[in-house]
Amino acid sequence: MIWATRSIHAFSIVVWLGGLLYMGGILYPVFRHERMTVTPLYVQIERRFMGFVWMSVWTTAITGILLMLFSPKFQFGSYQAPWEILLLLKQIIFVAMVIAAISTGKIVRKMESILAIVPASSTENQISVQHDRILVRRRLTITFGLVALLISTRMVMS
Ligand code: HEM
């Protein structure tokens, strides 16, 4: 049971951070170069990726809580031992990543409503502004995720 929970926990992180790195390192540079970050296709891709983000968020949270409750290193409510302090830090980072995901979801809905309402000729600027807002949140989430990964490695070794 514990090895399965650990595997699913690690897998959900791979999907979340891997997806963010694909969007940030491959899709965005190519789409920006081809001026495609203002197209309905781009908005569809963001919409679909949000599904993967929420699947990873819930899986990470549930398996993380289970791993926490299974761990002999965890004492409920006492964040005193170095392992528990690292866990608390990671939970705070996780909450920040979830807030960024909620905010990004709102921006994707806004882009969809722009495409639905505004005449095609004048959507480019408005979508481009929203894309830049998403970019900030994605870069922040990648940074937080990498810090959480480092903290997790330290936890496992302690
Ligand atoms: C973005 C956030 C997170 C990342 C990147 C992350 C990453 C990881 C990784 C890579 C491991 C090691 C897995 C292994 O060795 O099998 C791990 C273990 C663990 N994670 Fe997370 N995790 C995150 C969020 C959470 C949350 C929110 C919780 C608790 C609510 C949590 C609780 C744990 C626990 C208790 C362990 C086991 C640590 C140990 O064995 O000493 N994680 N995490």
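As the structure is a computational prediction, the values presented were derived from the model and not from experiment.

Peer 1: Break down the site of the ligand for me, with residues and values.
Peer 2: The full set close to the ligand counts 20 residues, and Arg6, His9, Lys73, Trp83 and Lys90 are the nearest of them. Residue Lys73 places a side-chain N or O atom 3.1 Å away from an oxygen atom belonging to the ligand. In the model, a nitrogen atom of the ligand is placed 3.5 Å from a nitrogen or oxygen of the Ser152 side chain. Secondary-structure elements contributing two or more residues to the shell around the ligand are helix H1 (2-33), helix H2 (40-70), helix H3 (82-117) and helix H4 (123-157). Broken down by element, the shell around the ligand gets its largest block of residues, 6 residues, from H3. Looking at the shell around the ligand, its residues break down into 12 nonpolar, 5 polar and 3 charged.

Peer 1: Explain the coordination of the iron atom of the ligand residue by residue, including any values.
Peer 2: For the iron atom of the ligand, every protein donor is listed as His9 (NE2) and Lys90 (NZ), and the spread of their distances is 2.0 to 2.1 Å. Under the relative-accessibility criterion, His9 is labelled buried at 14%.

Peer 1: An account of the packing of H2 against H4 is requested, with residue identities and associated values reported.
Peer 2: How two helices pack is summed up by the angle between their axes together with the distance between the axes. Relative orientation of the contacting elements H2 and H4 amounts to 30°, with a least axis distance of 12 Å. Looking at the two axes, H2 sits roughly parallel to H4. Every pair of crossing elements has a handedness; the one defined by H2 and H4 is left-handed. In this structure, H2 contributes Tyr42, Val43, Glu46, Phe49, Met50 and Val53 to the contact, and H4 contributes Ile127, His131, Ile134 and Arg138.

Peer 1: Give a description of the nonpolar core that names residues and reports values.
Peer 2: Counting 38 residues, the largest nonpolar core has Trp16, Tyr28, Tyr42, Met111 and Ile134 as the members making the most contacts within it. Counting only elements with at least two residues in this core, the list comes to H1, H2, H3 and H4. Examining the composition of this core, we find that 12 residues originate from one element, H3, more than from any other. Discounting chain neighbours no more than four positions away, the residues touching Ile134 are Tyr28, Tyr42, Glu46, Thr104, Ile107, Val108 and Met111.

What counts as what
- Residues numbered from 1 in each chain as written.
- Predicted model: local features only at pLDDT ≥ 70, side-chain atom pairs only at ≥ 80, totals over all residues.
- Heavy atoms only, no water.
- Near = heavy atom within 4 Å.
- Polar contact = N/O pair within 3.5 Å; in protein donor to acceptor, adjacent residues only side chain to side chain.
- Helix = DSSP H or I, 4+ residues; strand = E, 2+ residues; numbered from the N terminus.
- Nonpolar A, V, L, I, M, F, W, Y, C, P; charged D, E, K, R; others polar.
- Donors = N, O, S within 2.8 Å, 3.2 Å for Na, K, Ca; no water.
- Buried < 20%, exposed > 50% of the residue type's maximum accessible area, 1.4 Å probe, protein only.
- Axes fitted to C-alpha atoms, helices over the stretch in contact; angles between N-to-C directions.
- Parallel < 35°, antiparallel > 145°, perpendicular 65-115°, else oblique.
- Left-handed = near helix turned anticlockwise from the far one by under 90°.
- Contact = heavy atoms within 4.5 Å.
- Core = buried A, V, L, I, M, F, W, Y, C linked by side-chain atoms within 4.5 Å.

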